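Here is what each chain is made of, one letter per residue.
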Amino acid sequence: MAVSLSVKQKLLVTLWLVTFLLASLFGIMAFFWFARQETDRIDSFLSREIHDTQTTLETFFSVNAGEGGFYDSVENTDFRIFLDRLLRQQANRQLPYKTTLGIFDTEGRRIQISNLAMNLDDLKPEPNRDFQILESEGDKIFRAAVVPLRHNGDVLGDVRLACSLPNLNEAWRGIVLNLVLLLGLVFLSFGTVGSFLIHWALRPIRRMSESALQISETHLNRRLSVPRGTDEVAQMAATLNRLLEKLETDFEFEEILVGQLSHELRTPLTILRTRNELSLENMDRPLTEMQRVLEDNLADIDNIVSLLSTLLTLARLSGSVDPDRFLVCDLVNILQELLEELSLLWQEKRLTVEIHFPDRELWPCEVRGDPTLLRQVFTNLLTNAYKFTPAEGQLRIRLEASGSRTQPTWTLLFWNSGPPIPEESLEMIFKRFYRVEVARSETAPGDEPPKGFGLGLSIAK
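Here the structure is a predicted model, which means the values were calculated and not measured. (Residues numbered from 1 in each chain as written. Predicted model: local features only at pLDDT ≥ 70, side-chain atom pairs only at ≥ 80, totals over all residues. Heavy atoms only, no water.)

### Focus on the sheet that holds strand β1 (residues 99-105)
Argument step 1. In space, the five strands of this open sheet follow the order β2-β1-β5-β4-β3, with antiparallel pairing throughout. The open sheet has two free edges, formed respectively by β2 (110-113) and β3 (132-135), since each of these has just one partner strand. Neighbouring strand axes in the sheet, compared pairwise and without regard to direction, differ in orientation by 25° on average.
Argument step 2. Sitting on the sheet, helix α2 (residues 77-92) is in contact with β1, β2 and β4 (142-151), with an inclination near 35° to β2. (Pairing = 2+ DSSP bridges. Helix = DSSP H or I, 4+ residues; strand = E, 2+ residues; numbered from the N terminus. Axes fitted to C-alpha atoms, helices over the stretch in contact; angles between N-to-C directions. Contact = heavy atoms within 4.5 Å.)

Next up, the structure:
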């Protein structure tokens, strides 16, 4: 049966698991460190003790060297008496470890030994070594130091000092017991302190959840509380706020779209209906008047079609632009073709148009983009400039480059001699359906203030 845990429980279990693994690793490392340290201490003790014994024994032979060759042998009776006295003194000393001291001849035969607690007979020391450490094999594990016993340059035998190793199994059991007690205390502390810390750490997420509960279709202007810092929780809150902002914009667009469409379509459709009804009631009107009615109807229908086409374009551009459709586009070619197509508009208002493009040999006027969308942008901007330029006014189009020749930054400037955008409207001109109101005093006599749907700059942006 699957067990479902909450985030808090998962974090607590994770803390327990990590603590268990770290404590286990620490226990294993402590055990090996203890064994290594204990071995080093025993080796140091063996080296010190056996070298002291070696010096004492070699001093005996040096002092008694004048009694003949017999005194150069470990079989010497006086040496055995001296050795018995030395071993008794060794046994009466307070030492930190249990030891066994033995003297062996060159054939490896035991001459004298302090006790039989450790079997020194089975050790196989390497010949002609000044000092060596050996470890026994079998049930009783001990470490032994071996040094040669010399006199007048001859090896008379060797001295072996063994020291029992501490019971590492008992040490390991002690470490495991302490580890279990430690883990028990840690688990109990995590059950209380850990839960409190996790509860405190998840507080930003709870606040975000409380903020999210207050958000609905009628309260999309509210945002999640973003915690301090730049961690993953803060990034998630900022990302969700950007998503909410987009949702608010889309909902607002839908509301405005419905209201604007009802406003923009109701009036021309009402006029069309009224005009057609009057025409049907007066079928005996002159042909010229009927023709004028049809022309007016066509103009209104064109406006309606234009509005719907603009809305479809805006809806299409509201989605993501596919970079796979980007091509290498020549800005000058696009602008020259567009200006040639719009030349009739300039002539209609008798506008003076100044065009400045950079030297093509110095600056290849190329960018990566969608040529259709770039053309749409330039068309909307030029159309706006045309609409707000009075008759016999001026238009300037400048394409400027900066940066390096291989990676230039392009600036495209459209300027007209019409009335400036009011200060209070500068932040609103890219908002959908927003239209700048132009007073009649700012237009040429006889001209109507320009009208539009308020979508051109939004599409351009």
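### Side note on unusual backbone geometry
Argument step 1. In this structure, Asn128 takes a positive phi of about 60° despite not being glycine.
Argument step 2. In this fold, Asn128 is placed in the loop between β2 and β3.
Argument step 3. The class for Asn128 is exposed, based on a relative accessible area of 73%. (Buried < 20%, exposed > 50% of the residue type's maximum accessible area, 1.4 Å probe, protein only.)

### Thoughts on the confidence of the model for the chain
Argument step 1. For the chain, mean pLDDT is 76; residues scoring 70 or higher make up 79% of the total.
Argument step 2. Here helix α3 (residues 168-201) stands out as the element of the chain with the lowest mean pLDDT, 68, in contrast to β4, whose mean of 88 is the highest. (pLDDT = per-residue confidence, 0-100.)

### Focus: the sheet that holds strand β7 (residues 352-356)
Argument step 1. Pairing is mixed in the open sheet, where three strands are placed in the order β7-β9-β10. What marks the edges here is a single partner per strand, and that holds for β7 and β10 (408-416). For this sheet the average axis-to-axis angle between neighbouring strands, irrespective of direction, equals 10°.
Argument step 2. Across five bridges, the pairing between β7 and strand β9 (residues 394-403) is parallel.

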